[in-house]
Amino acid sequence: YYEKHFPGCAIDLIGLGISYFKTLGDLTSEEMREINLGSYRDAKYEGSREEHENKLKESATLYVGNLSFYTTEEQIYSLFGRCGEIKRVIMGLDKFRKTPCGFCFVEYHERVDALQAMQWVTGTRLDNRIIRCDWDAGFIEGRQYGRGKSGGQIRDEYRETYDPDRGGYGKIMSKK
Ligand code: GTA
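Just so you know, these numbers come straight off a predicted model, no measurement behind them. (Residues numbered from 1 in each chain as written. Predicted model: local features only at pLDDT ≥ 70, side-chain atom pairs only at ≥ 80, totals over all residues. Heavy atoms only, no water.)

Undergrad: Give a detailed account of the pattern of salt bridges, specifying residues and quantitative values.
TA: If you walk through the whole model with that rule in mind, you get 11 salt bridges. The residue aspartate 94 makes a salt bridge to arginine 97 at a minimum N-O spacing of 3.8 Å. A salt bridge links arginine 166 to aspartate 156, with the shortest nitrogen-to-oxygen separation between them at 2.7 Å. Pair noted here: arginine 166 is in the loop between α6 (154-158) and α7 (171-175) and aspartate 156 is in helix α6, with a separation of 10 residues, a long-range link. For the pair formed by arginine 166 and aspartate 156, the shared burial category is buried. Connected via shared salt-bridge partners are Asp42, Asp136, Arg143 and Arg147. (Salt bridge = Lys/Arg side-chain N within 4 Å of Asp/Glu carboxyl O. Helix = DSSP H or I, 4+ residues; strand = E, 2+ residues; numbered from the N terminus. Buried < 20%, exposed > 50% of the residue type's maximum accessible area, 1.4 Å probe, protein only.)

Undergrad: How would you explain the state of the cysteines if you had to name every residue and give the values?
TA: Inspection of every chain in the model, using the stated rule, returns 0 disulfides. In this structure cysteine 83 is not part of a disulfide, and its nearest cysteine sulfur, from cysteine 133, lies 8.4 Å away. With a relative accessible area of 13%, cysteine 83 lands in the buried category. Take cysteine 104: it sits in no disulfide, and the sulfur closest to it among the cysteines is that of cysteine 133, at 8.3 Å. (Disulfide = S-S within 2.5 Å.)

Undergrad: Can you lay out the confidence of the model for the protein for me, pointing to particular residues and giving the numbers?
TA: Here the protein shows a mean pLDDT of 87. Residues at 70 or above account for 79%. Of the regions scoring below 50 in pLDDT, residues 6-21 engages in 23 contacts with residues more than four places distant in sequence or in other chains. ipTM for the predicted complex: 0.90, alongside a pTM of 0.85. (pLDDT = per-residue confidence, 0-100. Contact = heavy atoms within 4.5 Å.)

Encoded structure:
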């Protein structure tokens, strides 16, 4: 787990074959920047690729996915607040109905708190779903809306399984 999320932080103590893992408090600012940034890149990001990468490296904002449509902002505050003081939570909304559509952004004041959430909260259960956190380059007005034709997230248009907590079948499947 550490090798995946904190590449370069496992130090083999010379000759002893013992691996020592640094805790978050031990990381240098350079190591903090370089931590696994994930593979998602927002295709609608307005700016250069380099700028996008730099924003991700310095961001204190997380995208949280695979939420139930029934999960509330209060639940997000209560879970993510365990990792540090939250500046703002932005719930993802269906662009037509303006109802939750299964994701949110969590902005912390400090990057180290977002890092704690990346370490401890991603992959845990909320409303009986395994949630996923990802670094985000920062919230911009409009990004809270699903980009699918139906108003929800694009991935829910193509989903082929039945997911009662995310509106049933995917939108394309339900038209078949
Ligand atoms: N930081 O992982 C993320 C992330 N996701 C998934 C969405 N957002 C994210 N931000 C971060 N990390 O502000 C953000 C977006 C936006 C908001 C809603 O959430 O930046 P969205 O989910 O509606 O649309 O965004 P997005 O993100 O533009 O779609 P995505 O996930 O890249 O691409 C669509 C996915 O749907 C593909 O991975 C694929 O699985 C599926 N898909 C797309 N097109 C097809 C297709 N033609 N056929 C089959 N599957 C497809």
